[in-house]
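Structural description and commentary
Listed below are the residues making up each chain.
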Amino acid sequence: AALANIDPMYQYSLPFFVGLYTVSIEKATPASELQARLTNLQDFFMYALYQNICRSLFEVHKILFSFLLTTRVLLAEDKLDMGQFRFLLTGGVSMEDPP
């Protein structure tokens, strides 16, 4: 959804994601333990998602997509300090007291 704010042509359909996930199930490294299999699926899906999305982006937007994907993954895993993230986005300027 964030990419669609940059350019409306960056909208991907549900069938695109379902197809990508189906391929991930087929091609991810098998594992006998559930947690290992889930990790393999997640890793393969993320890599396939990155490759497929980058293929359709303008060169100038690829680094932004990499940043968005990385921050979303870190946020989902609760590995991103929100204070530092906010500082990165605002440059340390308080959004409550604009200059």
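You'll find the structure just up there.
Here the structure is a predicted model, which is why all the values come from computation and not from measurement. (Residues numbered from 1 in each chain as written. Predicted model: local features only at pLDDT ≥ 70, side-chain atom pairs only at ≥ 80, totals over all residues. Heavy atoms only, no water.)

1. Let's talk about the overall build of the protein chain
Here is the rule we go by: Secondary structure elements follow DSSP: runs of H or I of four or more residues count as helices, runs of E of two or more count as strands, with numbering from the N terminus. For this measure, only C-alpha atoms enter the radius of gyration; the expected value for a globule follows 2.2 Å times N^0.38, where N is the number of residues. Type-normalised accessible area, obtained with a 1.4 Å probe on protein chains alone, sets the label of each residue: buried when under 20%, exposed when over 50%, and partly exposed for intermediate values. Contacts are assigned to residue pairs with any non-hydrogen atoms lying within 4.5 Å of each other. Where accessible areas are quoted, they stem from the Shrake-Rupley method and a 1.4 Å probe; at the residue level, only the protein chains shown are allowed to cover. Positive charges come from Lys and Arg alone, negative charges from Asp and Glu alone, with His and the N- and C-terminal ends not counted. To locate a charge, take NZ of a lysine, CZ of an arginine, CG of an aspartate or CD of a glutamate.
Scanning the protein chain for helices and strands turns up five helices and zero strands. The order of helices and strands in the protein chain, counted from the N terminus, is α-α-α-α-α. Relative to its length of 99 residues, the protein chain is extended, with a C-alpha radius of gyration of 17 Å against a globular reference of 13 Å. Judged by the C-alpha coordinates and their principal axes, the protein chain covers about 55 × 35 × 20 Å. Across the 99 residues of the protein chain, 21% fall into the buried class. A separation threshold of at least 6 residues defines the contact pool for the protein chain, and within that pool the share at least 24 residues apart is 43%. Surface accessibility of the protein chain: about 7500 Å² in total, with carbon and sulfur atoms responsible for 61%. Each charge sign in the protein chain was given a centre, from 7 positive and 10 negative side chains, and these centres are 9 Å apart.

2. Digging into the packing of helix H4 (residues 59–76) against helix H5 (residues 82–90)
The following threshold applies: Angles here are taken between N-to-C directions and fall from 0 to 180 degrees, while the axes themselves are lines fitted to C-alpha atoms, restricted in helices to the stretch in contact. Oblique is the label for any angle not under 35 degrees, not over 145, and not in the 65 to 115 range, which are roughly parallel, roughly antiparallel and roughly perpendicular in turn. Note: crossing handedness is left-handed where the near helix turns anticlockwise from the far helix by less than a right angle, and right-handed where it turns clockwise.
The contact between H4 and H5 brings their axes to 12 Å, and the two run at 160°. Taken together, H4 and H5 sit at an angle that is classed as roughly antiparallel. As for the relative orientation of H4 and H5, their crossing is left-handed in sense. Residues Phe-67, Thr-71 and Leu-75 of H4 lie in contact with H5, whose contacting residues are Met-82, Phe-85, Leu-88 and Leu-89.

3. Side note on the side chain of His-61
Here His-61 is to be found in helix H4. With relative accessibility at 16%, the residue His-61 sits in the buried group. Beyond its immediate stretch of four places on either side in the chain, His-61 contacts Ile-6 and Tyr-10.

4. Quick look at the packing of helix H2 (residues 14–27) against helix H3 (residues 34–56)
Describing two packed helices takes the angle between their axes plus the distance from one axis to the other. Put simply, the rule reads: When residues are grouped by polarity, Ala, Val, Leu, Ile, Met, Phe, Trp, Tyr, Cys and Pro land in nonpolar, Asp, Glu, Lys and Arg in charged, and all others, Gly among them, in polar.
One can describe the packing of H2 onto H3 by two numbers: an axis separation of 9 Å at closest approach and a directional angle of 130°. Between H2 and H3, the interaxial angle falls into the category oblique. For H2 against H3, the interelement crossing comes out right-handed. Residue-level contacts link Phe-16, Phe-17, Leu-20, Tyr-21, Val-23, Ser-24, Ile-25 and Lys-27 of H2 to Arg-37, Leu-41, Phe-44, Phe-45, Ala-48, Leu-49, Asn-52 and Ile-53 of H3. Along the lines of polarity and charge, the residues of the contact of H2 with H3 split into 12 nonpolar, two polar and two charged.

5. As for the packing of aromatic side chains
Stated precisely, the cut-off is as follows: Pairing of aromatic side chains requires ring centres within 6.5 Å, counting the rings of Phe and Tyr and the six-membered ring of Trp. Pairs whose planes differ by under 30 degrees are stacked, by over 60 edge-to-face, and all others tilted.
Overall, the coordinates contain five aromatic pairs when judged by the stated rule. Taking 5.2 Å as the distance between ring centres and 80° as the angle between the ring planes, the aromatic pair formed by Phe-16 and Phe-17 counts as edge-to-face. Judged by its relative accessible area of 32%, Phe-17 falls in the partly exposed class. Each member of the aromatic cluster is reached from another via a ring pair, and the members are Tyr-12, Phe-16 and Phe-17.

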